[in-house]
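Per-entry structural report
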Amino acid sequence: MSTTTESRRVTTAKAMAEGIGQEMQRDPNVFVMGEDVGAYGGIFGSTTDLFGEFGPDRVIDTPISETGFIGAGIGAAVEGLRPVVELMFVDFYGVCMDQISNHMAKIHYESGGNVKVPMVLMSATGGGYSDAAQHSQCLWGTFAHLPGMKVVVPSNPYDAKGLMISAIRDDNPVMYLFHKGGQGLVWMEKNPRSIGEVPEEPYTVPIGKAAVAKEGTDVTIVTLSLSVQHSLDVAEQLEGEGISVEVVDLRSLVPLDTETVLESVGKTGRVLVVDEDYKSFGLTGEIAAVIAENDPGMLKKPFSRLAVPDVPIPYARPLEYGVLPTREKITAAVKDLMA
Amino acid sequence: MTELDRLAMYRQMVRIRQYEARIMQEYHADKSPAWDIGAGLIPGEMHLSAGQEPAAVGVCAHLKKGDAITAPHRPHHFALAHGVDMNKMTAEIYGRETGLCRGKGGHMHLFDPDNHFSCSGIIAQGLPVACGQALAFQRKGTDNVAVAVAGEGAANQGAFHESLNLAAVWNLPVIFVIEDNDWAISVPRSASTAGVSNADRASGYGIPGVRVEDNDVEAMFEAAGAAIDRARAGEGPSLIEIHTLRLWGHFEGDAQAYRSELETVNERDPIPKYAASLQELGDLTDDQIADIQAEADAEVDAAIEFAKSSPEPTAEDALLHVFA
Amino acid sequence: MSKVATVGVIANPASSRDVRRIVARGPATTANDKINMLVRLMEGLGGAGVNTVISMSDAGGIAAGLAGLSTRKSASNWPVLHFVDQEITHTPTDTVTAVEHMAERGVDAIVVLGGDGTNRLLIGKSGDIPVASISSGTNNAFPSRHEPTVVGLAVGFLATGRVDRQRCSYRAKTLQVSDGSTSTKALVDMAILDGDRIATGAIWDVTSLREVFLCFAEPHAIGLSSLGGRLRPVCRRDPHGLRITVDERSNHRVLAPIAPGLVRDIGVAHVDVMSAGNAVEVDVSSGVIALDGERAHRFPERRSVTVSLDLDGPIVLDVQRAMQLAAEGQQVEEHNARPHTTDPSQTHPTNHEGESND
């Protein structure tokens, strides 16, 4: 990656916040609410500096009351506002899933298309820093499984801003799931890819369009979120060993860009799906089904997947890294496909 | 109508009752086999609101264009009192293309954005949504209010308490209406609710809570008027608990064997009671009673006819409207 | 030795929950507050040696709450607790039924938790049984503000014969309004208002007020009786009351706290003293009669009604006086070297509840 002296490099967190802020400037109906989104700026930096710019009237700290304020977000959206609501950790979905699944996601359909819920529900996902079973999950597969909400999963600063602006402008409820390890926070180990070039002006990244993050010819890695950063690291390293890896960054699960996936797999004939969510009944199986439904013969090697092996995320470092999709495991899986 | 109009309230109660009575009749008319809840022109669960008319009529008499209501699984009385189109609502209950929701919602999921009306089959979960609507009204600087309706059983849900707290903290123009019909399906209030009165619970959040006894529509009208005026003036949320009456079962087909006070249910019917009190005042004649009933009969019959003659949606339509 | 003593307890589950909570931030005495007040009362009654308590039943959770607590170890000092076996109607009838039952059982005293409206229901029902009222309603001009524990002791001393009931109780006045066929009574105030609305009953809009009749009018009172209290105070034991004719056009203005949270400027045309036993004729065009601050009866047509002040209310226990008498009965040897008087009259405060201050 080359940079010019004019280019501006910011963290994913800052890029997200900037996208929200620019939409707030453009549209007075946009406002933010959630726990500690105000003066704190969001525990994972998603609302950095917004409180100072827009004040407590538009960047609203809520009680620790997820059913209450997510429901309030829905009510406000139904009345034509465009709330950006933060669920601090996606793991907290258990105390508010009725509002998310039965209300936010279903109202448009139940109403026969007569009531829109233009709301963004952003939430921090992922592990890797020993926060254990109740603060380290990804769960995007869970939300993607339930109809009625778009599920957006950015992997880098540029997409974080562009997808946020698209999410806010979308007339549908959008789950915007960012990875804590990809935010570029000063208090967490970060991949250099968590800081990147981001244009200052507003722009959109379309929801439902995957990106080919790196082109290659031998193996396709289909992945998302922080695992994109790991996969790119692996791909660059394997390049030197003569293995050409193509990395497909899904960027959203709903809608799922099957076309880009199939195109890449059709080219390489080998696929590894890397997912930090649980293995069974999730994204990895879904991609396998997409390929199988299209043409099982397009694979030269059996389908391969790397995901959390159906255990809760453990605490101790060797345990946690034992189940997360690390660079080492991705490398080994790619080499297996090439063997 | 914000001034007390007794005849209008009586007419609305009779209209709602006639609606529920006819839906009950139609619901059972073609169930074959009779025990099959999914059979017939009106399939699925059916929760009718007979006996609870005073709650809806007393509140909705004060509402104006732009005011919102979130109702629970037993929503017809609030829908009709709030001006939801009876034809479209009936067509929805019959699962027709012309229904409020094109047949996608059914009787527990009625959405009428023109009247800011919605309901949810998940009890108490409409309360946070009403808070959000109230938040939107507050932010837009209108004097509209949101009314959140739940039963006394629902008031033991976390959503109830979270909503009261949120409404109080943010001083939202929301009115919580708790319909205490004594029964959470088959569990009496005494077995479900610590502290018993939800009017008292409101005071724990600094929200004025009033209990209206006797299922009295005029008392409800007065209390709701005070609460709605208060909300419109920016003075914040109120809670009104009305001791109302579930005249029929929890759902159609409920044998109510658990119900100890079943024998006296009809004596407590609020509509004949109100008619008698209006007659005593000289505000209602026998002729008017007959006329109002005939008017209601005709309107409801026409709505049912509209529903029955409307086309059904097709299987392909099921794939529409997931996303805007 | 004390005699076997039985006390009746009425706790109105519906008191303090009306619309005045919304319009005037009226007091919210919750069911749990009432249960806790009853617990403290029971401690007092038990401490004073009362053997048995008969409590009203209700569906508002108060009787159930008290019953639950009575089985705990912490209730070991309580009197034996029974509940009236009564049908619950969720109406004022429930209170009346309970009082009638207690009168039949011949209880030694009745304690009432409620406001003015609740206490009114005892008129003509409690007979010669002394009544102690604990303030827990929306408007509380009639009940005392004493701590329930102390009320329990005072009632207990009375019920067990430790204090002389003649020396610490008095009979309350009532107002009666009668149109020939029906009559009804009030304990504190009776008002005639324009209009035909009963609805929640509560009065907070005084523009429709026409006439106010008062049994007593304390200058520190809350509610409609404050109108008289602000103009011409009348004590609870005075053999007269007041009639006040309201006229919005009158230049004579009075600022009065007509309900908790509501101070209103009211025009007054006349103030007349009403003597006990004398009836006055009042011409009522269509309107509503309010009893003790609550609209109760409609008069749809013009008619003449008779209003009279009578000395036939409940026997009221003066808690402060009872406790003083009990103190006089204490035989404790004093070791205080400081010179002191043995004449208890010198320690009497000058104003007992209900004593004349005219």
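This is a predicted model, so every value here is computed, not measured.

**Observations concerning the overall build of chain C**
Regarding its fold elements, chain C presents eight helices and 18 strands. Its C-alpha radius of gyration of 21 Å places chain C within 12% of the 21 Å reference for a compact globule of 358 residues. When its C-alpha atoms are laid out on the principal axes, chain C stretches across 65 × 55 × 35 Å. Counting over 358 residues, chain C shows a buried share of 56%. A separation threshold of at least 6 residues defines the contact pool for chain C, and within that pool the share at least 24 residues apart is 70%. In the form shown here, chain C has an accessible surface area of approximately 15,000 Å², with 48% of it arising from carbon and sulfur atoms. Once the 35 positive and 41 negative side-chain charges of chain C are each reduced to a mean point, those two points are 4 Å apart.

**A closer look at the overall build of chain B**
When you go through chain B residue by residue, the secondary structure sums to 11 helices and nine strands. For 324 residues, the compact-globule estimate of 2.2 N^0.38 gives 20 Å, and the C-alpha radius of gyration of chain B, at 19 Å, lies within 12% of that figure. On the principal axes, the C-alpha backbone points of chain B span a range of 55 × 50 × 40 Å. Counting every position in chain B, which comprises 324 residues, the buried fraction comes to 59%. Accessible area of chain B: about 11,300 Å², with a carbon and sulfur share of 52%.

**Quick word on the side chain of A:R82**
Residues and elements named next belong to chain A. When you line up the elements, R82 lands in strand β4 (residues 82-89). Here the side chain of R82 touches I168 through a polar contact of 2.9 Å, landing on its backbone oxygen. With sequence-adjacent residues up to four places away left out, R82 is seen in contact with D27, N29, V30, F31, P118, I168, R169, D170 and D171.

**Observations regarding the interface of chain A and chain B**
With 41 residues of chain A in contact, the opposing surface of chain B contributes 34 residues. Here chain A meets chain B over a buried area of about 3,100 Å², counting both sides, of which 63% is carbon and sulfur. Of all residues in chain A, A:E79, A:Y109 and A:E110 give up the largest surface area on contact with chain B, accounting jointly for 24% of the area buried on that side. Here chain A is connected to chain B by one salt bridge.

**Overview of the domain arrangement of chain C**
Residues and elements named next belong to chain C. Taken domain by domain, chain C holds domain 1 (6-167 + 318-347) and domain 2 (174-310). With centres defined by C-alpha atoms, the gap from domain 1 to domain 2 works out at 28 Å. For the domain 1 and domain 2 pair, buried surface summed over both sides reaches about 1,700 Å², with 64% attributable to carbon and sulfur atoms. Among the ionic pairs, R20 bridges to E294, the shortest N-O distance being 3.8 Å. On inspection of domain 1 and its partner domain 2, the count reaches three residue pairs in polar contact (both at pLDDT 80 or more). Broken down by class, the residue content of the side of domain 1 that touches domain 2 amounts to seven nonpolar, four polar and six charged.

**Description of the packing of helix α1 (residues 6-29) of chain B against helix α9 (residues 217-232) of chain B**
A packed helix pair is summarised by two numbers, namely the angle formed by the two axes and the spacing between the axes. Residues and elements named next belong to chain B. Two elements in contact, α1 and α9, have axes whose closest approach is 11 Å; the angle formed by their N-to-C orientations is 110°. Between α1 and α9, the interaxial angle falls into the category roughly perpendicular. When the axes of α1 and α9 are compared, the crossing they make is right-handed. Counted together, R6, M9 and M13 of α1 and V217, E218 and F221 of α9 form the full contact between these two elements. Across the contact of α1 with α9, the residue classes tally to four nonpolar, no polar and two charged.

**Quick look at the arrangement of the chains**
With two pairs of chains in contact overall, the contact-richest pair is chains A and B. Taking C-alpha atoms only, the smallest gap left between chain A and chain C, which are not in contact, amounts to 24 Å.

**Points about the sheet that holds strand β8 (residues 209-212) of chain B**
Residues and elements named next belong to chain B. One open sheet accounts for seven strands, arranged β2-β3-β1-β4-β5-β9-β8; its pairing is mixed. Taken across any chain shown, the strands that pair with only one partner, and hence form the sheet edges, are β2 (111-112) and β8. Contacts from helix α6 (residues 158-169) reach β5 (174-180) and β9 (238-243) within the one sheet, and its direction differs from that of β5 by about 150°. Against the sheet, α9 makes contact with β5, β8 and β9, and its axis sits at roughly 170° relative to β9, the strand it touches most.

**A few points about the pairing of strand β12 (residues 253-259) of chain C**
All names here are of chain C. As paired strands, β12 and strand β13 (residues 262-275) are joined by six bridges and run antiparallel to one another. Each residue of the ladder has a partner; that of P257, found in β13, is V263. Between β12 and the antiparallel strand that follows it, β13, lie two residues; G261 among them carries a positive phi value of about 85°.

**Looking at helix α11 (residues 286-308) of chain B**
Owing to its 3.6 residues per turn, the α-helix brings residues three or four apart onto one side. All names here are of chain B. Between the first and last C-alpha of α11 there are 33 Å, a value that for 23 residues agrees with the 33 Å anticipated at 1.5 Å per step. For α11, the complete set of buried residues consists of I292, A296, V300, A303, I304 and A307. In this fold, the buried residues of α11 make contact with α1 and α4 (86-93).

**A short note on the packing of α1(B) against helix α10 (residues 270-281) of chain B**
Residues and elements named next belong to chain B. Between α1 and α10, the shortest axis-to-axis distance is 11 Å and the interhelical angle comes to 155°. The angle between the axes of α1 and α10 places the two elements in the roughly antiparallel class. For the element pair α1 and α10, the recorded crossing hand is left-handed. Along its contact with α1, which presents R6, M9, Y10, M13, V14 and R17, the element α10 presents P270, I271, Y274, A275, L278 and L281.

**Structural notes on the interface of chain B and chain C**
At the junction of the two partners, chain B supplies 29 residues and chain C supplies 27 residues. On the surface where chain B and chain C come into contact, there are six salt bridges. A salt bridge links B:E222 to C:R197, with the shortest nitrogen-to-oxygen separation between them at 3.7 Å. The tally of links from chain B across to chain C stands at 12 residue pairs in polar contact (both at pLDDT 80 or more).

**Considering the sheet that holds strand β14 (residues 304-308) of chain A**
Residues and elements named next belong to chain A. Within the open sheet, the five strands sit side by side as β9-β11-β10-β13-β14. Their pairing is mixed. The open sheet has two edge strands with one neighbour each: β9 (211-214) and β14. Direction aside, neighbouring strands of the sheet carry axes that sit 25° apart on average. With three bridges connecting them, β9 and strand β11 (residues 245-249) associate as antiparallel partners. By the bridge assignment, A211 is partnered in β11 with D249. Along the sheet, helix α8 (residues 226-239) contacts β9, β10 (219-223), β11 and β13 (271-278); its crossing angle with β11, the most-contacted strand, is approximately 165°.

Criteria and thresholds
Residues numbered from 1 in each chain as written. Chains lettered and ligands numbered in written order. Predicted model: local features only at pLDDT ≥ 70, side-chain atom pairs only at ≥ 80, totals over all residues. Heavy atoms only, no water. Helix = DSSP H or I, 4+ residues; strand = E, 2+ residues; numbered from the N terminus. Rg over C-alpha atoms; globule rule 2.2 N^0.38 Å. Buried < 20%, exposed > 50% of the residue type's maximum accessible area, 1.4 Å probe, protein only. Contact = heavy atoms within 4.5 Å. Areas by Shrake-Rupley, 256 points an atom, 1.4 Å probe, with all protein chains shown as cover. Lys, Arg positive; Asp, Glu negative; His and termini not counted. Charge placed at Lys NZ, Arg CZ, Asp CG, Glu CD. Polar contact = N/O pair within 3.5 Å; in protein donor to acceptor, adjacent residues only side chain to side chain. Buried area = accessible area lost by both parts, 1.4 Å probe. Salt bridge = Lys/Arg side-chain N within 4 Å of Asp/Glu carboxyl O. Domains from an automatic or database assignment. Nonpolar A, V, L, I, M, F, W, Y, C, P; charged D, E, K, R; others polar. Axes fitted to C-alpha atoms, helices over the stretch in contact; angles between N-to-C directions. Parallel < 35°, antiparallel > 145°, perpendicular 65-115°, else oblique. Left-handed = near helix turned anticlockwise from the far one by under 90°. Pairing = 2+ DSSP bridges. Expected span 1.5 Å × (residues − 1).

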